[in-house]
Amino acid sequence: MNGILIIDKPCDYTSFDVVAVVRGCMREKRAGHTGTLDPMATGVLPILLGSATKAQSLLPDTDKEYECGFKLGMTTDTLDITGKVLNECHSDIKKEDIEAVLPRFRGDIMQVPPMYSAVSRNGVRLYELARRGIEAERDARPVHIALLELTDFDLKTQTGSMKIACSKGTYIRSVCDDMGKALKCGCVMTSLRRTKACGCDISQAVSLDHIRQLAEHDRAALEALVRPTETVFSELPLVSLSENQAFRFKNGGGLTLSRIRNTHELSDGLCRVYSADCGFIGLGEVNRENDALGFKKLFAKT
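What you see is a predicted model, and the numbers here were worked out from it, not measured in a lab.

(A) Up close: the overall build of the protein. Scanning the protein from N- to C-terminus turns up seven helices and 18 strands. Reported as C-alpha extents along the three principal axes, the dimensions of the protein are approximately 70 × 50 × 40 Å. Going through the 302 residues of the protein one by one, you find that 47% of them count as buried. Sequence separation of at least 24 residues holds for 66% of the intrachain contacts in the protein that already meet a minimum separation of 6. A total of about 15,500 Å² of accessible surface is found on the protein, and carbon and sulfur atoms cover 46% of it.

Shown next as structure tokens:
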């Protein structure tokens, strides 16, 4: 079974837990996910099956979209509601106060990763240090936040929600924490739902419970949920080859770019490679200076 299964990850499951369930239901040994979601988070988690696992290291750095809940007047060691409470205070922040500080966190910003994260320092994951009570120095990293919008706020409970579209590597917990610092009252993330990732939308996702039910009662319907491998490369440009060109490419050979139709507007970088007889073949790499389409990864059968 080769392709992509888009799961709506439930709360309190790790990404690896989801992979294990899907692997068993699909009876496919080769399975992996496209990007970790914390146990408390829910939402889009594309699972790669069979030969699609070869795509894992080549996924485009596409933006992700989230809906997150937050609470003002509190800080924790994990920056979310699951952590140890470090401080609580009375907060009377208004909606207008929040909207006034949000522009600071839009666009290209520098963000310090939280201690409870999978970022490595000297070969050790930060969360491993955090669990031992060690606070390590972390360098700020560049991230891009294309959209940061307050969607709801309750003055009485000091809780609200935001919609965020951001680059890979952005920590939503840190956005909430930084917002709390700007408001001088503290803030923790209370919920997180990923609504888009790797070109996959929450409307396409299915629950683990549904997967389990189909695995037991309707395997044909289960297999029909598996999307083509190229789903996760939908944002890459497309190159269409002739039969002879496709034969050479499938055998690992590079091609002269100017001899391929409709490639004059292509920029350097990865592209999806198709042919009329095979459909999606794999990934190529455009090098305009050398007038070349190089072989990157094969997904079609040879």
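(B) Structural detail: the nonpolar core. Grouped together as the largest cluster of nonpolar side chains are 31 residues, with contacts concentrated most on Phe70, Leu72, Ile98, Met162, Ile164 and Met179. Elements represented by at least two residues in this core include exactly strand E4 (64-72), helix H2 (95-101), strand E10 (141-154), strand E11 (159-166), helix H4 (172-183) and strand E12 (187-197). By residue number, the principal contributor to this core is H4, which donates six residues. If we ignore the near neighbours within four places in the chain, the residues touching Ile164 are Lys64, Glu65, Tyr66, Cys68, Ile145, Leu147, Leu148, Ile172 and Val175.

(C) Spatial organisation of the packing of aromatic side chains. With the rule as written, the count across this model stands at five aromatic pairs. With a centroid separation of 6.2 Å and an interplanar angle of 15°, the aromatic rings of Phe70 and Phe153 are classed as stacked. Highlighted residues: Phe70 in strand E4 and Phe153 in strand E10, separated in sequence by 83 residues. Residue classification places Phe70 among the buried positions, given a relative accessible area of 0%. Ring centres of Phe249 and Phe295 lie 5.2 Å apart, and the angle between their planes is 55°; on these two criteria the pair is classed as tilted. Separated by 46 residues along the polypeptide, Phe249 in helix H7 (residues 243-250) and Phe295 in strand E18 (residues 292-298) bring together distant segments of the chain. Judged by its relative accessible area of 0%, Phe249 falls in the buried class. Owing to a relative accessible area of 33%, Phe295 belongs among the partly exposed residues under this scheme. Taken together, the aromatic side chains of Phe233, Tyr274, Phe280 and Phe299 make up a single cluster linked through ring pairs. Directly above the ring of Phe299 sits Lys54, whose terminal nitrogen or CZ lies 5.5 Å from the centroid.

(D) Examining the pairing of strand E17 (residues 279-287) more closely. Pairing between strand E16 (residues 269-275) and E17: seven bridges, direction antiparallel. Directly across from Cys271, in E17, lies its bridge partner Gly284. Counting the residues between successive antiparallel strands, the hairpin from E16 to E17 contains three residues. Both E17 and E18 contribute to a ladder of six bridges, which runs antiparallel. Across the sheet, residue Val286 finds its bridge partner in E18, namely Leu293. Where E17 folds back on E18, the antiparallel hairpin that results is connected by four residues, among which Asp291 adopts a positive phi of roughly 55°.

(E) Representation of the layout of surface pockets in the model. The calculated volume of the largest pocket comes to roughly 1,300 Å³. What lines the largest pocket is a set of 43 residues, and nearest its centre among them are Thr36, Leu37, Asp38, Ala118 and Tyr171. The set of elements that each furnish at least two residues to the lining of the largest pocket consists of helix H1 (15-26), E4, helix H3 (126-131), H4 and E12. The dominant element in the lining of the largest pocket, judged by the number of residues it contributes, is E12, at three residues. Considering only residue class, the lining of the largest pocket consists of 18 nonpolar, 15 polar and 10 charged. Put simply, the second largest pocket is a space of about 400 Å³. Along its surface, the second largest pocket is lined by 23 residues, and Leu79, Glu135, Arg138, Asp177 and Lys181 are the ones closest to its centre.

(F) Up close: the confidence of the model for the protein. Residues of the protein with pLDDT of at least 70 account for 99%, and the chain-wide mean is 91. Considering each helix and strand of the protein separately, the mean pLDDT is smallest for strand E8 (residues 120-121), with a value of 72, and largest for E11, with 98.

(G) Region of interest: the sheet that holds strand E14 (residues 238-241). Overall, mixed pairing links the five strands, which are arranged E14-E16-E17-E18-E15 in an open sheet. At either end of the open sheet lies a strand with only one pairing partner, and these are E14 and strand E15 (255-256). The strands that H7 touches are E14, E15, E16, E17 and E18; relative to E17, the one it contacts most, it runs at about 80°.

(H) The packing of H1 against helix H5 (residues 208-217), seen in detail. Their axes nearest at 10 Å, the elements H1 and H5 cross at an angle of 20°. One way to sum up the angle between H1 and H5 is to call them roughly parallel. Between H1 and H5 the crossing geometry is left-handed. Residues Val18, Val21, Val22 and Cys25 of H1 lie in contact with H5, whose contacting residues are Leu208, Ile211, Arg212 and Ala215. Residue classes in the contact of H1 with H5 are distributed as seven nonpolar, no polar and one charged.

Definitions and limits used
- Residues numbered from 1 in each chain as written.
- Predicted model: local features only at pLDDT ≥ 70, side-chain atom pairs only at ≥ 80, totals over all residues.
- Heavy atoms only, no water.
- Helix = DSSP H or I, 4+ residues; strand = E, 2+ residues; numbered from the N terminus.
- Buried < 20%, exposed > 50% of the residue type's maximum accessible area, 1.4 Å probe, protein only.
- Contact = heavy atoms within 4.5 Å.
- Areas by Shrake-Rupley, 256 points an atom, 1.4 Å probe, with all protein chains shown as cover.
- Core = buried A, V, L, I, M, F, W, Y, C linked by side-chain atoms within 4.5 Å.
- Phe/Tyr/Trp six-rings, centres within 6.5 Å; stacked < 30°, edge-to-face > 60°.
- Lys NZ or Arg CZ within 6 Å of the ring centre and 35° of its normal.
- Pairing = 2+ DSSP bridges.
- 1 Å grid on protein atoms, 1.4 Å probe; cavity = no way out; pocket = protein on both sides within 12 Å on 5 of 7 lines; lining within 4 Å.
- Points joined across faces, edges and corners; volume = space filled by probe spheres on them.
- Nonpolar A, V, L, I, M, F, W, Y, C, P; charged D, E, K, R; others polar.
- pLDDT = per-residue confidence, 0-100.
- Axes fitted to C-alpha atoms, helices over the stretch in contact; angles between N-to-C directions.
- Parallel < 35°, antiparallel > 145°, perpendicular 65-115°, else oblique.
- Left-handed = near helix turned anticlockwise from the far one by under 90°.

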